[in-house]
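# Fold and contact review
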Amino acid sequence: QRSEGFAVALVALNKTSGSAATDSDMICRVLQELFGADRGFLIIPIDYARTAIVCPLHDEITYDYVLEYANMIKDTLLSEAMVDVYVSVSSKISGIMSLNDAYLEADKAKNIGALFEMKEKCFEYSKLGLQKMIYSIPMEACVGYIDETFGAGFLKDKSSQELLNTVKA
């Protein structure tokens, strides 16, 4: 099998509960069942809330396959283990030396998806164009824009919540 690179999938707990360590163990067990080491996948627990999966890409395991599995991971963990997670996938990388960059992409995709409260909870870094651009704007600039556009007290005004929900949607 000719290697075509790698992708990193990141599984992150959504709102950690009191049993985060138990959830983390359960996640690792489910991932080991789904992604056998005999097929070249590497499962790396990062901390109690995050687990990375290094996915080798080749003829049998394509990038699209990894994206399909990302959705399956989310659904499987929710239905079988009752663990609510975000799953994010990096861009395709060509060599092992770029694994850190791929992990950072997957982590950023998760952060963006959580911030924008995207309902699918499965995020592909390369498909978050507008959200990545908005995410890169410093918070002070966003608050300044809101103050200039809607008035200085807008964010503190309880009646502004409806407009904020509309903007978010």
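Residues numbered from 1 in each chain as written. Predicted model: local features only at pLDDT ≥ 70, side-chain atom pairs only at ≥ 80, totals over all residues. Heavy atoms only, no water.

### Some words on the nonpolar core
Going by this rule: Among buried residues, the Ala, Val, Leu, Ile, Met, Phe, Trp, Tyr and Cys ones that are joined through side-chain atoms within 4.5 Å form a nonpolar core. Only protein chains enter the accessibility calculation, which uses a 1.4 Å probe; a residue whose area is less than 20% of its type maximum is buried, one above 50% is exposed, and one in between is partly exposed. Only DSSP runs of H or I with at least four residues qualify as helices, and only runs of E with at least two residues qualify as strands; both kinds are numbered from the N terminus onward. Here, two residues are considered to be in contact whenever any of their heavy atoms come within 4.5 Å of each other.
Formed by 30 residues in total, the largest nonpolar core has its most connected members in Val11, Phe35, Ile53 and Ile73. Looking at this core, the elements with two or more residues in it are strand S1 (5–13), helix H1 (20–34), strand S3 (50–57), helix H2 (63–80) and strand S4 (85–89). With eight residues, the single largest contributor to this core is H2. Setting aside its immediate chain neighbours within four residues, Val11 contacts Ile27, Leu31, Ala49, Arg50, Thr51, Ile53, Ile73, Leu77, Val85, Tyr86 and Val87.

### Comments concerning the pairing of S3
Stated formally: Strands are treated as partners if at least two bridges between them are detected by DSSP.
S3 sits mainly inside the fold: seven of its eight residues count as buried. Taken together, the eight bridges between S1 and S3 define a ladder with antiparallel strand orientation. By the bridge assignment for S3, Val11 is matched with Thr51.

### A word on the side chain of Asp107
Counting through the fold element by element, Asp107 comes out in helix H3 (residues 99–115). For Asp107, the residues in contact, after removing those within four places along its chain, are Leu10, Arg50 and Ser88.

### A look at H2
Three- or four-residue spacings in an α-helix give side chains the same orientation, since the helix completes a turn every 3.6 residues. For clarity, the cut-off: One less than the number of residues in a helix, times 1.5 Å, gives the span that helix is expected to have.
The end-to-end C-alpha distance of H2 is 25 Å, a good match for the 26 Å that 18 residues give at a rise of 1.5 Å each. By the burial criterion, the buried members of H2 are Tyr63, Tyr65, Val66, Leu67, Tyr69, Ala70, Ile73, Lys74, Thr76 and Leu77. Once H2 finishes, Met82 follows within two positions and takes phi at roughly 55 degrees, a positive value.

### Remarks on the environment of Thr51
Mapped onto the secondary structure, Thr51 falls in strand S3. Among the residues examined, Thr51 registers a relative accessible area of 2% and is labelled buried. Taking the C-alpha atoms as reference points, Thr51 and Val87, 36 residues apart in sequence, are found 9.7 Å from one another.

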